[in-house]
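# Structural overview
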Amino acid sequence: VNPPAVPKIKQKIIELRAEAVTPYANGSCVAVQGGTVVHASCTWRCGNIEENMIPLTVDFRHKASASGSIPSTILRRETRAPNEAETLASRAVDRALRPRFGSASKLEAIAVSILVQSYDEEHDPIALATNAASAAVSLAEVPGWLGPLGCFRFDENGLNLLLAGNIERGCLSLELGSNGQLTDAEIVNAMSHALDASAKLALAQQELVSQVLSCVDKTKIPEKEDAMNDLVQTAMTAVEREHNEQLRALFAGELLSRTELQSKVSRGLVQTTVFEQAIQTAIKALDDYGNIEQVSDQVKKIAANHAVEKCAREAMVRAIHITGRRVDGRKLNELRPLSALADVFPEVSRTHGSGNFARGETRVLATATLDAPPRPRPIDLDTEAHAVRLQHERWRCTTPPRRPARGVLARHADDLEPTSQLTEAFKPRIDHLESNNSQSILESEKKVLLDGPRRFLLHYEFPASATGAATQASSERRAIGHGALAERAISAVFPSFEQWPYSVRVNAQVLASNGSSSMAAVCASSLALYDSGVPIREHVAGISVGAVQGQLLLDLNGTEDHFGDMDFKIAGTRRRVTAAQLDVKQSAGVPLSQLKKALSMATSARVEIIDTMLNVRVRKLTKFHIQDSEPNNSESPFILLSPEDEEKSDSHTKWMQLQIPRVTPKPYAPRVERLIFEVARLPDLIGPRGVTLREIERKYACSLDTTIDGEVLIFARNAANVKAARAHVSEIVADVQTGDRLSGVIVDVREYGSLVRLLRSREGLLHISEYKGAPETPETLSIGDSVEVIVIGIDPILGSLKLSRRSRATPTKQRPFVPSTRQQKLQGRSPPPPSPSPSKKIDNKKAAVAPVR
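The rules behind each value
Residues numbered from 1 in each chain as written. Predicted model: local features only at pLDDT ≥ 70, side-chain atom pairs only at ≥ 80, totals over all residues. Heavy atoms only, no water. Helix = DSSP H or I, 4+ residues; strand = E, 2+ residues; numbered from the N terminus. Buried < 20%, exposed > 50% of the residue type's maximum accessible area, 1.4 Å probe, protein only. Contact = heavy atoms within 4.5 Å. Areas by Shrake-Rupley, 256 points an atom, 1.4 Å probe, with all protein chains shown as cover. Pairing = 2+ DSSP bridges. Polar contact = N/O pair within 3.5 Å; in protein donor to acceptor, adjacent residues only side chain to side chain. Axes fitted to C-alpha atoms, helices over the stretch in contact; angles between N-to-C directions. Parallel < 35°, antiparallel > 145°, perpendicular 65-115°, else oblique. Left-handed = near helix turned anticlockwise from the far one by under 90°. Nonpolar A, V, L, I, M, F, W, Y, C, P; charged D, E, K, R; others polar. Phe/Tyr/Trp six-rings, centres within 6.5 Å; stacked < 30°, edge-to-face > 60°. Lys NZ or Arg CZ within 6 Å of the ring centre and 35° of its normal. Salt bridge = Lys/Arg side-chain N within 4 Å of Asp/Glu carboxyl O. Core = buried A, V, L, I, M, F, W, Y, C linked by side-chain atoms within 4.5 Å. pLDDT = per-residue confidence, 0-100.

It is worth spelling out the overall build of the protein chain at this point. Each helix and strand counted, the protein chain has 20 helices and 29 strands in total. Taking all 853 residues of the protein chain together, 52% fall into the buried category. Looking at the protein chain alone, contacts between residues at least 24 apart form 73% of all its contacts between residues at least 6 apart. Approximately 39300 Å² of the protein chain is accessible, and the part contributed by carbon and sulfur atoms is 52%.

Given below as structure tokens:
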């Protein structure tokens with residue numbers, strides 16, 4: 001069934017077909033757009049669960065056959081567990097569907113299976129999967145389902161937006177990735193366009209469902225008899241009658257002091273006590289309720305928990321509207337206390353960069369690690385070139401398009417002299433990176449994906465100790481999703497390859513969590529990048545904005561996140577948004593006007609957070625050690641420092657503000673140098689079958705990456721090895737000019753002169769007339785002799801060198817490496833004019849140049 005109301009998007013019609021591909025499923029739908037085909041099915045089962053949550057599970061799979069390929073694994077088949085991209089796609093669909101389940105107390109399980117059957121690398125399978133899943137759930141007639149929703153992806157002008165909405169233009173979920181150069185007004189306009197398209201898609205699904213269900217015999221669908229709603233209402237009446245004032249006082253902060261309100265543990269103990277009393281009251285009311293003998297004690301407990309949760313949410317709403325204060329005593333637009341620290345570990349530590357950021361009781365520690373630039377590699381058909389990976393790479397924006405580095409200057413560091421040409425390129429830029437609005441993120445990310453892996457990675461970890469729980473760690477799907485959001489936020493300001501030829505991995509570990517740990521991970525990661533010397537354009541900060549019945553709340557804590565209506569995570573620079581994600585709990589969605597206010601509120605909060613991050617101080621310890629001044633006379637191998645010792649240690653600590661990224665990486669960080677040379681010298685550098693290249697890597701414990709454009713990247717674990725390898729490579733690929741004085745070795749002696757090998761790969765003719773009779777020059781030369789020669793001419797066709805040992809040729813200062821003409825142009829310098837020819841004419845017959853061997 002193809003409803004006529006389906007909108008045309010990108011000149012391709014989206015078709016929704018109610019096909020019975022899986023006849024035993026409760027509902028199934030196939031979505032088609034161009035050459036992309038996605039099938040979704042839904043199955044559900046009635047029952048009662050103890051937790052007050054929706055038992056929804058979404059499984060998104062994209063087989064290699066959908067892209068016309070065979071997996072490149074050993075067994076030549078896909079792995080059982082979903083990969084990272086499939087996990088992110090499953091979370092995106094789950095986030096859109098979950099708000100539309102109004103009451104799922106009668107459901108034990110809801111399973112939505114999505115399979116990408118075909119992918120044309122043009123149309124988004126994730127948006128199609130969300131539309132197909134919504135139609136499948138609607139066709140399955142799941143109890144508590146409040147109607148279909150539409151999903152649309154907006155990908156233009158550096159903005160990638162995946163938005164789901166209902167027919168009433170209420171936003172149900174949102175995922176945003178930006179290049180960091182769009183204003184809030186432009187983002188809001190894109191949201192409005194996506195909401196209009198989503199409403200049309202939801203309306204098309206509603207028409208499809210009405211046409212299909214009108215042909216279905218309703219007698220074949222069993223009716224599920226459920227009395228859970230009556231039990232919950234009875235329990236809520238008892239709780240409101242007995243504990244209404246107590247719950248209001250709890251959320252108004254009247255049961256605790258000002259200091260205790262700031263503590264999650266103190267509030268949790270009081271909240272647990274109040275909730276347990278309310279649950280006992282609800283269970284007692286259900287025992288006295290008539291016609292309930294057949295209800296088990298477990299069902300009564302489930303109904304009581306649901307009732308207390310609803311009463312607590314209503315009590316928090318009343319407390320906020322009456323007092324204007326929140327659970328922890330803050331104002332509605334007030335941030336929790338902020339603290340930031342960079343260079344967390346001692347100076348002798350091997351970490352390349354670290355940052356610690358705390359907002360209230362939420363604290364995240366991030367470490368940055370530098371490594372060799374990614375090597376181009378063959379396409380992995382199973383994971384890397386997998387179409388679903390390609391789709392998620394586009395909105396994660398993990399690597400910006402390569403663009404020429406110009407205007408590379410140091411902020412507030414004019415007095416710092418670069419130690420090398422590479423250090424100059426490492427300095428941060430003042431101006432913003434150029435944006436290529438004509439090229440979409442999808443097209444640029446396709447090129448990056450085919451060229452090699454990502455240069456910037458951010459991994460998020462949430463151990464059980466972050467909440468004080470003696471259980472296993474949290475779900476891996478949640479950690480993958482939060483890491484992808486933080487990575488997408490910072491990627492917009494990550495430097496180009498020309499500015500920073502490293503690959504960087506940031507590991508953000510949550511030390512303590514009381515709400516919005518993912519946004520704290522963004523702040524800590526930005527501090528770690530500053531500390532490691534990565535020249536990101538500017539700091540990136542994140543903040544969450546919540547809502548309770550239309551009232552916006554800034555910087556959500558754990559309690560407000562649990563009982564609130566939405567969680568809008570917004571990350572970006574001072575004035576621009578780079579990434580956002582919206583989680584909604586209310587079935588009606590969030591209106592566009594509320595999203596606009598949330599963006600404005602988040603902008604002012606990011607300015608305050610970034611100001612705190614710019615005032616961070618970096619510790620620089622001297623060689624003073626307390627344990628050296630006072631020997632340890634005890635048998636214990638440890639030394640306990642008294643407060644006086646700590647003050648003494650702090651007096652020997654140097655501090656500096658880290659307002660710009662470090663000019664050079666830390667001593668234990670690896671080094672990368674980039675060398676550009678003439679393409680004709682590339683065979684000399686590689687050698688026969690790569691012998692020369694491998695010998696340099698073995699000798700200096702480094703790695704060399706060459707390109708066909710005449711560029712080599714030298715990577716080593718320390719600066720000394722990089723310097724030695726650079727000198728060796730420079731001798732091989734150096735561009736010799738007339739007037740250069742070089743050292744060489746005699747490799748052959750002829751009757752008319754000698755052949756001299758220079759710079760490991762060049763040879764020239766030292767004619768007999770250019771050294772016979774010269775001062776302090778022997779009359780004869782032998783093979784293996786070392787000689788100092790001067791370049792007096794270069795053959796314009798063969799490139800052969802004419803050498804001399806006579807002092808009449810004015811020598812220039814000896815230099816091991818002269819940049820090529822191409823390299824000088826790339827550096828913005830004009831090549832030097834050619835040296836004048838010698839005043840004395842040379843007899844062409846006597847000065848004939850032997851062919852280079």
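Having seen it, we continue.
The next point concerns the pairing of strand E4 (residues 27–33). Within E4, seven of the seven residues are buried, leaving the element largely enclosed by the surrounding structure. Burial along E4 is two-sided: Gly27, Cys29, Ala31 and Gln33 facing one way and Ser28, Val30 and Val32 facing the other are all buried. Note that strand E3 (residues 15–17) and E4 share three bridges and pair antiparallel. Bridge pairing in E4 links Arg17 to Val30. Bridging between E4 and strand E5 (residues 36–46) involves seven bridges; their strand directions are antiparallel. Its bridge partner being in E5, Val32 is matched across the sheet by Val37. Connecting the antiparallel pair E4 and E5 is a turn made up of two residues, with Gly34 showing a positive phi of about 65 degrees.

A separate point is the side chain of Glu487. Examined against the element boundaries, Glu487 turns out to sit in helix H11 (residues 476–491). Engagement of the side chain of Glu487 in a polar contact is seen with the backbone nitrogen of Leu458, the distance being 3.2 Å.

Geometry of a packed helix pair, given as the angle between the helix axes and the separation of the axes. Helix H7 (residues 297–323) packs onto helix H6 (residues 264–287) with a crossing angle of 130 degrees between their chain directions and a minimal axis gap of 9 Å. One finds that H6 runs oblique with respect to H7. As for the relative orientation of H6 and H7, their crossing is right-handed in sense. Together, Phe275, Ala278, Ile279, Ala282, Ile283, Leu286 and Asp287 of H6 and Lys300, Ala303, Ala304, Asn305, Val308 and Ala312 of H7 make up the contact between the two elements. Split into classes, the residues belonging to the contact of H6 with H7 amount to 10 nonpolar, one polar and two charged.

All right, on to the sheet that holds E5 then. Sheet architecture is open: five strands sit in the order E3-E4-E5-E7-E6, paired in mixed fashion. The strands lining the two open edges of the sheet, one partner per strand, are E3 and strand E6 (56–62). The average angle at which neighbouring strand axes cross in this sheet is 15 degrees, direction not considered. Relative to E6, helix H1 (residues 84–97) is tilted by about 140 degrees, and along the sheet it contacts E6 and strand E7 (107–118).

Counting across every chain of the model gives six aromatic pairs. Through successive ring pairs, a cluster of aromatic residues spans Phe251, Phe275 and Phe563. Directly above the aromatic system of Tyr668 lies the positively charged group of Arg350, at a separation of 3.9 Å from the ring centroid. Positioned over the ring face of Phe462 is Arg478, at 4.5 Å from the centre of the ring.

It is worth spelling out the sheet that holds strand E13 (residues 362–371) at this point. Pairing is mixed across the open sheet formed by five strands, whose spatial order is E11-E12-E13-E15-E14. One side of each edge strand has no neighbouring strand; the edge strands of this open sheet are strand E11 (338–342) and strand E14 (456–461). On average, adjacent strands in this sheet sit at an angle of 15 degrees to one another, irrespective of strand direction. In this fold helix H14 (residues 592–614) packs onto E11 and strand E12 (353–359), with an angle of close to 40 degrees to the strand it touches most, E11.

Now for the pattern of salt bridges. Under the criterion given, the structure shown has 33 salt bridges. Between Glu108 and Arg45 there is a salt bridge, with the nearest N and O atoms lying 3.4 Å from each other. With Glu108 in strand E7 and Arg45 in strand E5, the pair connects residues that are 63 residues apart, well separated along the chain. For Arg757, the salt bridge is made with Glu763, and the minimal N-O distance between the two is 3.1 Å. Because the salt bridges share partners, they merge into one network encompassing Arg326, Asp328, Arg330, Arg336, Arg359, Asp555 and Glu560.

Among the nonpolar cores identified, the biggest contains 90 residues, and Leu174, Met191, Val504 and Phe568 are the most heavily contacted of them. Residue contributions to this core peak at 11 residues, all from H14. For Leu174, the contacting residues outside a window of four places in its chain are Leu161, Leu162, Leu163, Met191, Phe568, Ala580, Gln581 and Leu582. Grouped together as the second largest cluster of nonpolar side chains are 44 residues, Ile14, Trp44, Ala132 and Leu172 included.

Turning our attention to the side chain of Arg681. Following the sequence through the fold, Arg681 ends up in the loop between strand E22 (671–676) and helix H17 (682–686). Beyond its immediate sequence surroundings of up to four residues, Arg681 is in contact with Ile732, Val733, Ala734 and Arg762.

Here we take up the environment of Leu203. Along the polypeptide, Leu203 turns up in helix H3 (residues 184–213). Taking the C-alpha atoms as reference points, Leu203 and Asn166, 37 residues apart in sequence, are found 8.4 Å from one another.

Moving on to the confidence of the model for the protein chain. Averaged over all residues, the pLDDT of the protein chain is 77; the fraction at 70 or higher stands at 75%. Counting interchain partners and residues more than four positions distant, the pLDDT-below-50 stretch residues 218–225 has six contacts.

Relative to the assigned elements, Val348 resides in the loop between E11 and E12. When its relative accessible area of 60% is taken as the criterion, Val348 is described as exposed.

Next up on the list: the packing of helix H4 (residues 228–252) against H6. Where H4 meets H6, the closest approach of the two axes is 8 Å, and the angle between their N-to-C directions is 155 degrees. In this view, H4 runs roughly antiparallel relative to H6, as classed from their interaxial angle. Along this stretch, H4 crosses H6, giving a crossing that reads as right-handed. Along the contact surface, H4 presents Leu231, Thr234, Ala235, Ala238, Val239, Glu242, His243, Gln246, Leu247, Leu250 and Phe251, while H6 presents Val270, Gln271, Val274, Phe275, Gln277, Ala278, Thr281, Ala282, Ala285 and Leu286. Across the contact of H4 with H6, the residue classes break down as 14 nonpolar, six polar and one charged.

Burial along E14 is one-sided: the residues Phe456, Leu458 and Tyr460 are buried and none of Leu457, His459 and Glu461 is. Bridge count for E14 against strand E15 (residues 503–512) is six bridges, and the pairing is parallel. Directly across from Leu457, in E15, lies its bridge partner Arg505.

With a phi angle near 55 degrees, Glu141 is a residue other than glycine that sits in the positive phi range. With respect to the helices and strands, the residue Glu141 is situated in the loop between helix H2 (125–140) and strand E8 (150–156). Its identity is not glycine, yet Arg689 carries a phi of approximately 60 degrees, on the positive side. Here Arg689 lies in the loop between H17 and helix H18 (691–700). Its relative accessible area of 81% is what places Arg689 among the exposed residues.

The topology assignment puts Gly324 in the loop between H7 and E11. With 72 residues separating them along the chain, Gly324 and Ala252 place their C-alpha atoms 9.1 Å apart. Not counting residues up to four positions away in its chain, the partners in contact with Gly324 are Ala319, Arg330, Lys331 and Leu332.

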